[in-house]
Amino acid sequence: MKFASFAERAAAMEAEPADLETVALVSDLFAAAEDDLAVVARFVQGRVFPAWDERTLDVGPSTCYTAIARAAGPNVDADDVEARVAEVGEVGAVAEEYEFGGQTGLGAFGAGGGGDDRTVASVYEDLVALASTEGAGSESAKVDRLFGLFNESERREARYLARLVLAEMRIGVGEGTVRDAIADAFDVPVDAVERALQVSNDYGLVAETAREEGEGGVAAMDLEVGRPVQPMLAQAGTASDALAEWGTAAVETKFDGARVQVHWDGEEVSVYSRNMEDVTDALPEVGEFVREHCDAPAILDGEVVAVADDGEPLPFQQVLRRFRRKHDVAQARERVTVELRAFDCLHAGGDDLLDVPLRERYDRLRETIDAGVGDLLLTDDPDVVAAHEADALAAGHEGIMLKDPESTYSPGKRGQNWLKRKPDVETLDCVVVGAEWGEGRRANLFGTFHIAVRDGDDHLPVGKVATGITDEELAELTERLEQHVATQSGRDVTFEPAVVFEVGYEEIQTSPTYESGYALRFPRFVSVRDDKAPADADSLTRLERLAESQ
Amino acid sequence: MFKAIVSAETLKTTLDSVSVLVDECKVHLDEDGIEIRAVDPANVGMVDLRLSAEAFESYEADGGVIGVNLSRLEDIAGMADSGQLVELELDEETRKLHIQIDGLEYTLALIDPDSIRQEPDIPDLDLSAEVVIEGKDINRAVKASDMVSDHIALGVDASDELFYVDAEGDTDDVHLELTTEQLIDLQAGDARSLFSLDYLKDMNKAIPADAEVTLELGEEFPLKIKFPIAEGQGSVLFVLAPRIQSD
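In the annotation of an unreviewed UniProt entry, the entry for chain B reads DNA polymerase sliding clamp, and the organism field reads Haloarchaeobius iranensis. Listed under Subunit (unreviewed entry) in UniProt, the entry text for chain B is "Homotrimer. The subunits circularize to form a toroid; DNA passes through its center. Replication factor C (RFC) is required to load the toroid on the DNA." Chain B has a UniProt comment under Sequence similarities (unreviewed entry) that states "Belongs to the PCNA family."

Chain A has the name DNA ligase in an unreviewed UniProt entry, where Haloarchaeobius iranensis is given as its organism. The Sequence similarities (unreviewed entry) field of the UniProt record for chain A holds the comment "Belongs to the ATP-dependent DNA ligase family." Quoted straight from UniProt, the Cofactor (unreviewed entry) entry for chain A says "Mg(2+)".

Following this line, the structure appears as C-alpha cells:
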C-alpha cells in the first residue's frame, strides 16, 4: 500500500465524527492492506511496534521539528516549527503547511536507490532503522533519517508521518476501534478478537491471523513465553461487597512492591514491569530465584518487594530505585535486595491458564514454584478477612487483596473480580515531642502540639496539631505533659517522649521544613493512644509507605 | 584474509571522510587497496573512497567485504597518537577485527555486510564546469554562508571566468567570487546549483585545508567534490544532490 493512500484514509478517519463509521473506515483499510496489514493495524493507533516489543523510536518533539525544518527549507529552523506548533496546537497540521521535496535525491541522477513511490512498508523500514540508531551522534543520525522521510512527503503524508513519529495520531481510532474493525473486516466475533489481543498484545498479529485463519485461528492464539501481556488490574472495594457477591473470597496479602510478570522458558528468564518494559537486567536476583525454584515453562504474575537485611519489608520507593536502574546494578543490589512474591500463574508446563479459575491457577502456581508464593486464604467469614488484614498491616504490608476464586484471568482489565481493600481511615500514631503555650484564655494550657514519628531511637517531626482537641482534653493533656517537659524557651516547650497521639490527616506531603522529610496536611487530633508507648508509635518507614501509596 | 599496518593519521582521515555521511559501511578489502562506497539514509549525499595498498605500511588482502560500525572504529583509532601505527587483522572464523595500537589490543565485532544499506552507483554526470580550489577556500565559503543561511549556491560564470558562492538568509546575504588567479584551475562553463549546507558542512569537515580539491558543477545538477588523501595514495569523491531553486 502506498503511504499516500494510507494518509488519505487516515484523513477520512480524522474527519469522521461517528464511532461506527470510523470502525467501517478502519475495516476497509484492513481489507485493502494486503501485505501491510500488521503495520497499518499499528500505524492507525500511532504505534510503530507492538506493545510487547522493546523497540521505540525515541524521537522527541525537538528532533522531529529539526527534521521538518530541514526538509522545509530554505531558512526554516526548528524554532520556527516549534513556534508554529505552539500557534496551531499540533505538529501534523504544521508539517502539512510546508512544501517538502526541495532537496533532490541522487536517485534522480542515476545513482541507484530512491525514486520509487513511498509505501507503508518502506516508511516502516525507515522507522525500524531509526529505532535501531543508538550511541554517540544518534540524535543527528535520527534527524538525518527523519529529514529523508519528510523530504519525500506530500503534504498529507507529512501530516500523518509527523504524528506517527510522535505517537499521537489524533484520528479517533482507539484500541476498541481496531478490535472492532478486525472483527468486521475478517468476519470474526469481537470476543474472539478481544481475547486474542489479550494473550498476544499484538494488534498486527491478531489482524493477520484473523485474515489468514479466521475465527479458528484467532481462537487458537495462545500466550507465548517471552511475550508479555498486560497484567490484570484491581478496583477498590469492600470485604462485605466481595463476600455478598462471591460467597467465598480469596484473600491475599497486598505486598508493597512493584508489579512484575516473569517469563521462564527453561533457557531464559525475562522480567517485565506493569507497562511491559523489560526490567530483567535491573533485577538479576529475580532471574536467579526463578531459575532455582521454578519449573519451566511458566509465566508468573507477582510483585517484587524490597527487603531489609532482617527480612522486613522496605518502602515501595526502594523497589523503584532498583527498577529504574540501568547501570551499577550490582552495587544497587548490595544496598537493597528485592524478592519475588508470586501470586498468580498465567502459564505452566505448556498449559495456558487464563481461562482457568483463580483457585486452580493458584494450585498450579504452588506446583510450579516452590518458594516465594504468598498465601491464598479462602473464606466466607468477614471476621477472618478483617483479622488477615490486621495481620498484614501489622507486618508492614500495604493491606489485602480480595479476589473471586472462580474468576478467570483477564489481561489489562480493571474489573470487579479483583478488589484492593485498603484501611478505611488512615491515621498515624505520633509521639508528642513539643508544644507551644496558648494565648489569652488558654495562656495556661498547651495550644499547639509538635508530633513526630520514630526513626530508630530518634523522633522526627512531621507537623503540628492544634485542632480536634476539646478544652477538657486540653486541660488533661497539659497536666499530663507538664511532667515531661524537657526544655522551655519563651512559649516553646519540648517534651521527653511519653505520650502518643493518634492523628488523622488529609495527605502526606514531602516537606523540607521537617526533619522527617514529610509534613502531614491538615493534621487533626483523634485520640490519645494510652495503649501505646512511644516505642510503639509509627515509624518513618510506615510514613514513607503511606506517602507512596496515596 | 586481511592484515594491514597503517598510520593512525591515515586511518582517521579515511574513517572521518565516510562517517560524515553514514554510521556504518561496507569496506571492500581488495588486493590492491580498500574501497568504501556509501550513501546517506536520505539518498542525498554519497562518498566513494579509495585507499591504495601503498598508503599502508604493509597490506595483504584477497578481496573480502566487511561491515564496520564507523563511530566505534573511530573511537579506537582515537586512542592512537598521530605518529603511531595501527595493526589490523581480520579473524575469518569469528568475523572480528583485531586492532593493535602500541600494545593495546582491541577486538571489534563486525556487522553483517548484508544488513548495511546497498551501495550506490556513482552517477554518470556530464558536468559543464570544473574548478580546482584549495581546501581552505571551500572552508571559508562554507563558514561565511553558514552565518546567514542553511543553503548555498555554487556557480561558475563562463564569460567572466570566475567561481562564485551565494548564500541568502532571511536578512543577510553572503557573496564570494574567486577568479582564475585565486583558483588553481578553472574549466569554465555556465553552472549554478543550490545545495544544503547541512550536507556541505559535513563534507567540508573531511576536506584537508591544504588539499587541492576538484569541484565539478552543472546547472541544477549534483556537485562532485574530489580530493586526494594519504599523500596522494588515496582519494575521496563526494557527490551531493542539489536542492530545487525555488526563486
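Text resumes after the structure shown.
Take the nonpolar core next. Membership of the largest hydrophobic core comes to 169 residues, with the highest contact counts inside it found for F30, F43 and F150 of chain A together with F163 of chain B. Leaving out residues up to four positions away in the same chain, F30 of chain A has contacts with L37, V40, A41, V44, V178, A181, I182, A185 and F186 of chain A. Counting residues in hydrophobic clusters, the runner-up holds 35 residues, among them C294, L320, F323 and L340 of chain A.

It is worth spelling out the UniProt feature "binding site: ATP" (unreviewed entry) in chain A at this point. All names here are of chain A. Mapped onto this numbering, the UniProt entry gives "binding site: ATP" (unreviewed entry) at E252, R259, R274, E303, F343, R414 and K420. Positionally, E252 belongs in strand β2 (residues 249–254). On the basis of relative accessibility, which here comes to 5%, the residue E252 falls in the buried class. Excluding anything up to four places from it in sequence, E252 contacts F343, D375, L376, H388, G399, I400, M401 and K403.

It is worth spelling out the sheet that holds strand β5 (residues 298–307) of chain A at this point. Residues and elements named next belong to chain A. The strand order across the open sheet formed by five strands is β4-β3-β5-β6-β7, and the pairing between neighbours is antiparallel. On the outer flanks of this sheet lie β4 (269–273) and β7 (351–352), each paired with one strand and no other. Where strand β6 (residues 337–348) and β7 come together, two bridges link them in antiparallel fashion. Note on β7: the bridge partner recorded for A348 is D351. Of the strands in this sheet, β5, β6 and β7 touch helix α17 (residues 358–368), which is tilted by about 125 degrees from β6.

All right, on to the packing of aromatic side chains then. The relative placement of two aromatic rings is captured by the distance of their centres and the angle of their planes. Under the criterion given, the structure shown has 18 aromatic pairs over all chains. Look at Y409 of chain A and W418 of chain A: their rings are 5.8 Å apart centre to centre, the planes differ by 85 degrees, and that puts the pair in the edge-to-face class. Ring centres of F56 of chain B and Y59 of chain B lie 4.7 Å apart, and the angle between their planes is 50 degrees; on these two criteria the pair is classed as tilted. This pair shows no difference in class: F56 of chain B is buried, exactly as Y59 of chain B is. Chaining the aromatic ring pairs together yields one cluster made of W437, F446, F449, F495, F501 and F525 of chain A. The lysine or arginine in question, R70 of chain A, covers the ring of F147 of chain A, its NZ or CZ lying 5.2 Å from the ring centre.

All right, on to the side chain of S27 of chain A then. Residue and element names in this part refer to chain A. Locating S27 in the fold gives a position in helix α2 (residues 19–32). Relative accessible area serves as the criterion here: at 5%, S27 is assigned to the buried category. Within the structure, the side chain of S27 is placed 3.4 Å from the backbone nitrogen of A185, a separation counted as a polar contact. Ignoring anything within four residues of it in the chain, the contact list for S27 reads A181, D184 and A185.

Residues and elements named next belong to chain A. Where helix α4 (residues 61–72) meets helix α5 (residues 78–88), the closest approach of the two axes is 8 Å, and the angle between their N-to-C directions is 110 degrees. As the angle between them shows, α4 and α5 are arranged roughly perpendicular. Viewed along their axes, α4 and α5 form a crossing whose handedness is right-handed. Note on element contacts: α5 touches α4 through A78, V81, E82 and V85, opposite Y65, T66, I68 and A69. Across the contact of α4 with α5, the residue classes break down as six nonpolar, one polar and one charged.

Okay, the pattern of salt bridges next. Residues and elements named next belong to chain A. Within the structure shown, the criterion is met by 43 salt bridges over all chains. The partner of R163 in a salt bridge is E14, and the shortest N-O contact between them spans 3.0 Å. With R163 in helix α9 (residues 155–165) and E14 in helix α1 (residues 3–15), the pair connects residues that are 149 residues apart, well separated along the chain. Given a relative accessible area of 27%, E14 falls into the partly exposed group. A salt bridge links E96 to R159; the nearest nitrogen and oxygen atoms lie 2.4 Å apart. With a gap of 63 residues between them, E96 in helix α6 (residues 91–97) and R159 in helix α9 connect regions that are remote in the sequence.

Hydrogen bonds between backbone groups are what pair the strands of a sheet, and the pairing can be parallel or antiparallel. Residue and element names in this part refer to chain B. An order of β6-β2-β3-β4-β18-β17-β16-β10-β14 is seen for the nine strands of this open sheet, with the pairing classed as antiparallel. Across the chains shown, the open sheet's two edge strands, defined by having one partner strand only, are β6 (64–69) and β14 (185–187). Within the sheet, the average angular offset between the axes of one strand and its neighbour, ignoring direction, is 15 degrees. In this structure, strand β3 (residues 33–39) lies alongside strand β4 (residues 45–52), joined through seven bridges in antiparallel fashion. The residue of β4 that forms the bridge with V39 is M46. Each of β2 (24–30), β3, β4, β17 (223–229) and β18 (234–240) touches helix α1 (residues 8–19); the most contacted strand, β4, lies at about 160 degrees to it. Strand contacts of helix α4 (residues 197–206): β4, β17 and β18, with the helix running at about 175 degrees to β18, the strand carrying the most contacts.

Analysis parameters
- Along each chain, the written sequence defines residue order, and numbers are assigned to residues from 1.
- Here the convention is simple: chains get letters from A, ligands get numbers from 1, in the order in which they are written.
- The model is predicted, so local features are restricted to residues of pLDDT at least 70 and side-chain atom pairs to those at 80 or more, both for listing and for counting; the totals for chains, interfaces and linings are taken over all residues.
- With hydrogens and water excluded, all non-hydrogen atoms of the structure serve as input to the side-chain values.
- UniProt positions are given in the numbering used here, feature names are shortened, and annotations may be inferred rather than shown by experiment.
- To form a nonpolar core, buried Ala, Val, Leu, Ile, Met, Phe, Trp, Tyr and Cys residues must be joined to one another through side-chain atoms within 4.5 Å.
- Exposure classes here rest on a 1.4 Å probe applied to the protein chains alone. A residue is buried below 20% of its type maximum, exposed above 50%, and partly exposed in between.
- We call two residues in contact whenever any of their non-hydrogen atoms come within 4.5 Å of each other.
- Counting from the N terminus, the helices are DSSP H or I runs at least four residues long and the strands are E runs at least two residues long.
- Strands pair, by our definition, only if DSSP identifies at least two bridges between them.
- As a rule, the C-alpha atoms of each element are fitted with a line to give its axis, helices using only the stretch in contact, and angles between N-to-C directions run from 0 to 180 degrees.
- Centre distance within 6.5 Å is the pairing criterion for rings of Phe, Tyr and Trp, where only the six-membered ring of Trp is used; planes under 30 degrees apart are then read as stacked, over 60 as edge-to-face, and the remainder as tilted.
- Two limits define a charge over a ring: the Lys NZ or Arg CZ must be within 6 Å of the ring centre, and within 35 degrees of the ring normal.
- A 3.5 Å cut-off defines polar contacts: any pair of N or O atoms within that distance qualifies, except that in protein one atom must be a possible hydrogen donor and the other a possible acceptor, and neighbouring residues in sequence count only when both atoms are side-chain atoms.
- Angle categories: roughly parallel below 35 degrees, roughly antiparallel above 145, roughly perpendicular from 65 to 115, and oblique for all the rest.
- By the definition used in this description, the sense in which the near helix is turned from the far one sets the handedness, with an anticlockwise turn below a right angle giving left-handed and a clockwise turn giving right-handed.
- Residues are sorted three ways: Asp, Glu, Lys and Arg are charged, Ala, Val, Leu, Ile, Met, Phe, Trp, Tyr, Cys and Pro are nonpolar, and all the rest, Gly among them, are polar.
- By convention in these notes, a salt bridge is any Lys or Arg side-chain nitrogen within 4 Å of a carboxyl oxygen on Asp or Glu.

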